[in-house]
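A closer look at the structure
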Amino acid sequence: MHMKIISNAYIGFKGRSNVMNCHIMSRHVTSPLLETVALVEDIVVEYVTDMVHKAQDIASKRGKLLTEYFLFLIRKDLPKLNRCKELLSMNEELKYARKAFDVDEEKMASAE
């Protein structure tokens, strides 16, 4: 069961090109070594895997896996917690914007 969730989470992770872009965008280096990128990717995948396992352990006691379980796990790391809350808030805003856009398109189509 753990591997299914991890593999699904990993599918969303863009891998080495994403890690390389993070290095480049941080302006530390313009072309990171492939070994560095591979190491960072391994660390990120291991961290995410560990977090999913811990969240699953909490979820097994309560029923289903929820976003709040991840927030609970990082509650003591304020920068991560604040960033996650910010991203979740932006995600909600995007959902509402998409929904409003879909409604507007439906109104325009029915008006024609």
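Residues numbered from 1 in each chain as written. Predicted model: local features only at pLDDT ≥ 70, side-chain atom pairs only at ≥ 80, totals over all residues. Heavy atoms only, no water.

Time to look at the overall build of the protein. Within the protein one finds five helices and zero strands. Start at the N end of the protein and walk to the C end: the helices and strands fall as α-α-α-α-α. A total of 112 residues make up the protein; the buried ones form 17% of that total. Counting only contacts in the protein whose residues sit at least 6 apart along the sequence, the fraction spanning at least 24 positions is 32%. (Helix = DSSP H or I, 4+ residues; strand = E, 2+ residues; numbered from the N terminus. Buried < 20%, exposed > 50% of the residue type's maximum accessible area, 1.4 Å probe, protein only. Contact = heavy atoms within 4.5 Å.)

Moving on, we come to the confidence of the model for the protein. Close inspection of predicted coordinates is inappropriate for parts of the model with low pLDDT. Across the protein, the average pLDDT comes to 79, with 68% of residues at 70 or higher. Taken as a whole, residues 1-13 scores under 50 in pLDDT and shows 17 contacts with residues more than four places along the chain or in a different chain. (pLDDT = per-residue confidence, 0-100.)

Further remarks concern the packing of aromatic side chains. Taken as a whole, this structure holds zero aromatic pairs when the rule is applied. R75 extends its terminal NZ or CZ atom over the ring of F72, reaching a point 4.0 Å from the ring centre. (Phe/Tyr/Trp six-rings, centres within 6.5 Å; stacked < 30°, edge-to-face > 60°. Lys NZ or Arg CZ within 6 Å of the ring centre and 35° of its normal.)

Before going further, it helps to examine the pattern of salt bridges. On inspection of all chains with the given rule, the structure shows four salt bridges. Between K54 and D50 there is a salt bridge, with the nearest N and O atoms lying 3.3 Å from each other. With K54 and D50 both in helix α3 (residues 34-62), this residue pair falls four residues apart, about one helical turn. For R83, the salt bridge is made with E86, and the minimal N-O distance between the two is 3.4 Å. Taken together, the residues span about one helical turn, with R83 and E86 both in helix α5 (residues 78-111) at a distance of three residues. We classify R83 as partly exposed; its relative accessible area is 43%. What makes E86 partly exposed here is its relative accessible area of 40%. (Salt bridge = Lys/Arg side-chain N within 4 Å of Asp/Glu carboxyl O.)

With that settled, the discussion passes to α3. Compared with an ideal rise of 1.5 Å per residue, which puts 29 residues at 42 Å, α3 spans 42 Å between its outermost C-alpha atoms and is within 8% of the ideal. Among the residues making up α3, those that are buried are V37, A38, E41, T49, M51, V52, A55, Q56, I58 and A59. Positioned one or two residues after α3, G63 has a phi angle of 130 degrees, which is positive. (Expected span 1.5 Å × (residues − 1).)

What follows covers a nonpolar patch on the surface. Judged by side-chain polarity, V44, Y47 and V48 come together as a nonpolar surface patch covering roughly 210 Å² of accessible area. Residue placement: V44 occurs in helix α3. (Patch = residues over 30% accessible without salt bridge, like charges linked within 9 Å, V, L, I, M, F, W, Y side chains within 5 Å. Areas by Shrake-Rupley, 256 points an atom, 1.4 Å probe, with all protein chains shown as cover.)

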